[in-house]
Amino acid sequence: MLVEVRDLMKDRLEEYKDCEIEGAEVGYLLLERENSNGTHTYSTLKAKKWITNNFDDLGDIVDEISSSLGSESIPNVFSEPERFQVVAMLEIGNQMLSKCSEIETNWNNKIVLTEDEIDKIKQELDMLDLSNGLQGLEYVSLKEKTEDYEMGM
């Protein structure tokens, strides 16, 4: 699951070369298709299989989304598995990107996704230790991260 989301974002970075965007919005930009369409797989059955295969790790994601955005932000996994998958992918992507220094440093600032910036982000994504699953990533709620930067921390 983590490798899939990471590789998808890495592949899409090139599509947004020279785009100017706030660091906090890069994950949403890279997963815009899924977010707009409400699906990654275009198949309820495939989304259910993805959820089943990643069931143990998804609990941490649900907790994170619930604590930062409220439980009403989490689609019902049973009635909307495709939408649930997209929300989980967005959270995973944003968590990964928040570990990249280029994104973290510019969380509330605009950056231009130059070829150098894209290469740095890709390298940092590759350096993330994904072997411990989601627990290997330090969880910082997006809301808290934004508030910390607004307070000058």
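Because the structure is a prediction, the values reported are computed rather than measured. (Residues numbered from 1 in each chain as written. Predicted model: local features only at pLDDT ≥ 70, side-chain atom pairs only at ≥ 80, totals over all residues. Heavy atoms only, no water.)

### Brief notes about the overall build of the protein chain
Here is step 1: Counting its secondary structure elements, the protein chain contains nine helices and two strands.
Here is step 2: The helix and strand sequence of the protein chain, counted from the amino end, reads α-β-α-α-α-α-α-α-β-α-α.
Here is step 3: Long-range contacts, defined here as pairs at least 24 residues apart, represent 77% of the contacts in the protein chain between residues at least 6 apart.
Here is step 4: Only carbon and sulfur atoms are counted for the fraction: they give 46% of the accessible area of the protein chain, which is about 8100 Å². (Helix = DSSP H or I, 4+ residues; strand = E, 2+ residues; numbered from the N terminus. Contact = heavy atoms within 4.5 Å. Areas by Shrake-Rupley, 256 points an atom, 1.4 Å probe, with all protein chains shown as cover.)

### Brief notes about unusual backbone geometry
With glycine set apart, most residues show a phi of negative sign, and most peptide bonds adopt trans.
Here is step 1: The backbone of Asp 18 sits at a positive phi, close to 70°, despite the residue not being glycine.
Here is step 2: The topology assignment puts Asp 18 in the loop between helix H1 (2-13) and strand E1 (20-22).
Here is step 3: Overall, the relative accessible area of 53% leaves Asp 18 in the exposed class.
Here is step 4: In the Ramachandran plot, Tyr 42 falls in the positive-phi region, its phi being about 55° despite a non-glycine side chain.
Here is step 5: Of note, Tyr 42 is situated in the loop between helix H3 (32-37) and helix H4 (44-53). (Buried < 20%, exposed > 50% of the residue type's maximum accessible area, 1.4 Å probe, protein only.)

### Some remarks on the environment of Phe 84
Here is step 1: As for its placement among the helices and strands, Phe 84 is situated in helix H6 (residues 81-97).
Here is step 2: What Phe 84 contacts, discounting residues up to four positions off in sequence, is Ile 51, Leu 58, Val 62, Ile 74, Pro 75 and Val 77.

### Remarks on the side chain of Ser 98
Here is step 1: When you line up the elements, Ser 98 lands in the loop between H6 and helix H7 (101-105).
Here is step 2: Residue class for Ser 98 comes out buried when judged on its relative accessible area of 2%.

### Considering the pattern of salt bridges
Here is step 1: Enumeration according to the criterion identifies eight salt bridges in this entry.
Here is step 2: Measuring nitrogen to oxygen at the nearest pair gives 3.1 Å for the salt bridge that ties Arg 83 to Glu 80.
Here is step 3: For Arg 83, a relative accessible area of 40% gives the class partly exposed. (Salt bridge = Lys/Arg side-chain N within 4 Å of Asp/Glu carboxyl O.)

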